[in-house]
Amino acid sequence: MAEDSDAEKTEAATGRRLEEARRKGQIPRSQELSTFTVLLGGLVAILVMGPDLMDVFRQLFISELTFDRAELIDPNLQLTQFVAACGEALKAILPLFLVCVIVGVSTPLAIGGLLLTTETLTPNFSRMNPATGIKRMFSIRSLVEMTKTILKSALIGGVAAAVLWSERDEFVQLITMPEDVGFSYLWQMIRHTLLLVVGGMALIPLIDVPYQLWDYYKGLRMTKEEVKREYRESEGDPQIKGRIRQLQREAARKRMMANIPKADVIVTNPTHYAVALQYTSKMRAPVVVAKGAFLLAERIIEIGEEHKVTVVRTPPFARALYHHAELGEEIPAALYTAAAEVLAYIFQLREFRRQGGQEPRLNDTLPVPPELDPGAPSTTP
């Protein structure tokens, strides 16, 4: 399909795609970096342990080329001595092997990190398809790997050959030198050759590591449609989420409308805003049980009147409450005084309706701070 072509895959891999690839065992690796670090670790170990190793091998060399009458008569004794010498040689180079193993195991962690998965053990019969195998053989990746192998072989072989050729005369003369001098000179030749070979190989991982990282992330690139589809799968369809939010708002509105009969007073603007307040002796301050604007404000007033909740016209106070008081929470402290006057008026009005007497009146100018009232006239000159 067109959406799966490399030309369409222009988007960087998402975190989910990277995690899926890692779960499948697909992580960036550089074989050249591992090879170089193993050689470098071995070189450092040889430089540290080299004199002792050469001394051990010198002693073994002398002992294996020295024969007494008993060894000449009994071939089994020669075999026993040879086996013992091999054991001593292995014991001497064992630390060198351990260093190489530790470096070889830890180096891949520097790029892809530790990965423990059984996904790669699952049989994949698509790999047995001859057409797929032939396609991989002639792919750009195979061409790059072949080029790296040729260059690496040419580099290592060329450096080693150049060093040995420059010291060919001395190398031939090792046979004629005393063992102390010969082994000392041999150690210098080995050290010199290894330094040049490993130093020359440093160029290979410097090129290969960035290429492997680029190739890895390039292979995981996604099309725009794949990114959108993954977003919908992880975050949910926007239409469904919008519908859920709508249902949540409707449920919240129903709960709010159900709380209006519990209110003590509804303050209005008179029709632009409506805020229902409830206060009991157990509350520290009045609580907003419902609020709305325009059509919702009209509906709040209608429900309040149906349940005989007193509706009071206080435009500045209503505007301040609507913009600065949250539903289900206490009103701001700056509006306590205004709320106290309104509630006092409501309680006095209830007494008047029960017992009669002089009808109470609400102060027309409630103490509402101008900074809380969006409709207050500006004081800026």
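For the structure itself, look to the data block above.
Residues numbered from 1 in each chain as written. Predicted model: local features only at pLDDT ≥ 70, side-chain atom pairs only at ≥ 80, totals over all residues. Heavy atoms only, no water.

Chemist: Account for the overall build of the chain, with residues named and values stated.
Modeler: Across its full length, the chain holds 14 helices and four strands. A buried classification covers 31% of the 381 residues belonging to the chain. Taking the contacts inside the chain whose residues are at least 6 apart along the sequence as the reference set, 74% of them involve residues at least 24 apart. When the accessible surface of the chain is totalled, it reaches about 25,100 Å², and 61% of it is carbon and sulfur. (Helix = DSSP H or I, 4+ residues; strand = E, 2+ residues; numbered from the N terminus. Buried < 20%, exposed > 50% of the residue type's maximum accessible area, 1.4 Å probe, protein only. Contact = heavy atoms within 4.5 Å. Areas by Shrake-Rupley, 256 points an atom, 1.4 Å probe, with all protein chains shown as cover.)

Chemist: Any details on the environment of Asp-373? Residues and values, ideally.
Modeler: In this structure, Asp-373 sits in the segment after helix H14 (336-355). Sequence separation of Asp-373 and Pro-316 is 57 residues, and the distance between their C-alpha atoms is 5.9 Å. Leaving out residues up to four positions away in the same chain, Asp-373 has contacts with Pro-316, Arg-319 and Val-368. For Asp-373, the side chain forms a polar contact with the side chain of Arg-319, separated by 2.6 Å. (Polar contact = N/O pair within 3.5 Å; in protein donor to acceptor, adjacent residues only side chain to side chain.)

Chemist: Explain the pattern of salt bridges to me, and be specific about the residues and the numbers.
Modeler: Scanning the model with the defined rule gives five salt bridges in all. Asp-373 serves as the salt-bridge partner of Arg-319, at 2.6 Å between the closest nitrogen and oxygen. Linking Arg-319 in helix H13 (residues 315-324) with Asp-373 in the segment after H14, this pair joins segments that are 54 residues apart in sequence. Neither residue differs from the other here; Arg-319 and Asp-373 are each classed as buried. (Salt bridge = Lys/Arg side-chain N within 4 Å of Asp/Glu carboxyl O.)

Chemist: How would you summarise the packing of aromatic side chains if you had to cite specific residues and measurements?
Modeler: What the rule picks out here adds up to three aromatic pairs. Aromatic pair Tyr-211 and Trp-214: ring centres 6.1 Å apart, planes at 35°, arrangement tilted. With Tyr-211 and Trp-214 both in helix H9 (residues 203-219), this residue pair falls three residues apart, about one helical turn. Taken together, a centroid distance of 5.1 Å and an interplanar angle of 80° make the contact between Tyr-216 and Tyr-217 edge-to-face. Note on Tyr-216: relative accessible area 14%, which makes it buried. Overall, the relative accessible area of 42% leaves Tyr-217 in the partly exposed class. The ring of Tyr-322 carries Lys-291 above its face, with NZ or CZ at 5.3 Å from the centroid. (Phe/Tyr/Trp six-rings, centres within 6.5 Å; stacked < 30°, edge-to-face > 60°. Lys NZ or Arg CZ within 6 Å of the ring centre and 35° of its normal.)

Chemist: Account for a nonpolar patch on the surface, naming residues and giving values.
Modeler: Taken together, the side chains of Leu-90, Leu-94, Phe-97 and Leu-98 make up a nonpolar region of the molecular surface, amounting to roughly 400 Å² of accessible area. Structurally, the position occupied by Leu-98 is in helix H4 (residues 75-106). Taking relative accessible area as the criterion, Leu-98 reaches 49% and is therefore assigned partly exposed. (Patch = residues over 30% accessible without salt bridge, like charges linked within 9 Å, V, L, I, M, F, W, Y side chains within 5 Å.)

Chemist: Pulling in residues and values, what's your account of the pairing of strand S2 (residues 273-278)?
Modeler: For S2, the tally of buried residues reaches six of six residues, placing the bulk of the element in the interior. Where strand S1 (residues 265-268) and S2 come together, four bridges link them in antiparallel fashion. Its bridge partner lying in S2, Val-265 is registered against Leu-277. (Pairing = 2+ DSSP bridges.)

Chemist: Go over the nonpolar core with me, naming the residues and quoting the values.
Modeler: Residues Val-265, Val-267, Leu-277, Phe-317, Leu-321, Leu-335 and Val-342 are the most contacted members of the largest nonpolar core, which totals 24 residues. At the level of secondary structure, the elements contributing two or more residues to this core comprise S1, S2, H13 and H14. Residue contributions to this core peak at seven residues, all from H14. The contact partners of Val-342, leaving out residues within four places of it in the chain, are Val-265, Val-267, Phe-317, Leu-362 and Leu-366. Membership of the second largest hydrophobic core comes to 14 residues, among which are Met-257, Ala-290, Ala-297 and Val-309. (Core = buried A, V, L, I, M, F, W, Y, C linked by side-chain atoms within 4.5 Å.)

Chemist: Describe the sheet that holds strand S4 (residues 310-313), with residues and values.
Modeler: Spatial ordering of the open sheet is given by S3-S2-S1-S4, a layout of four strands whose pairing is mixed. Of all the strands in the sheet, the pair left with one neighbour each is strand S3 (287-293) and S4. Across the sheet, the mean angle from the axis of one strand to that of its neighbour is 20°, orientation sign disregarded. Helix-sheet contacts for helix H12 (residues 295-306) involve S1, S2, S3 and S4, and the interaxial angle to S3 is about 130°. Running over the sheet, H13 touches S1, S2, S3 and S4 and is turned about 80° from S2. (Axes fitted to C-alpha atoms, helices over the stretch in contact; angles between N-to-C directions.)

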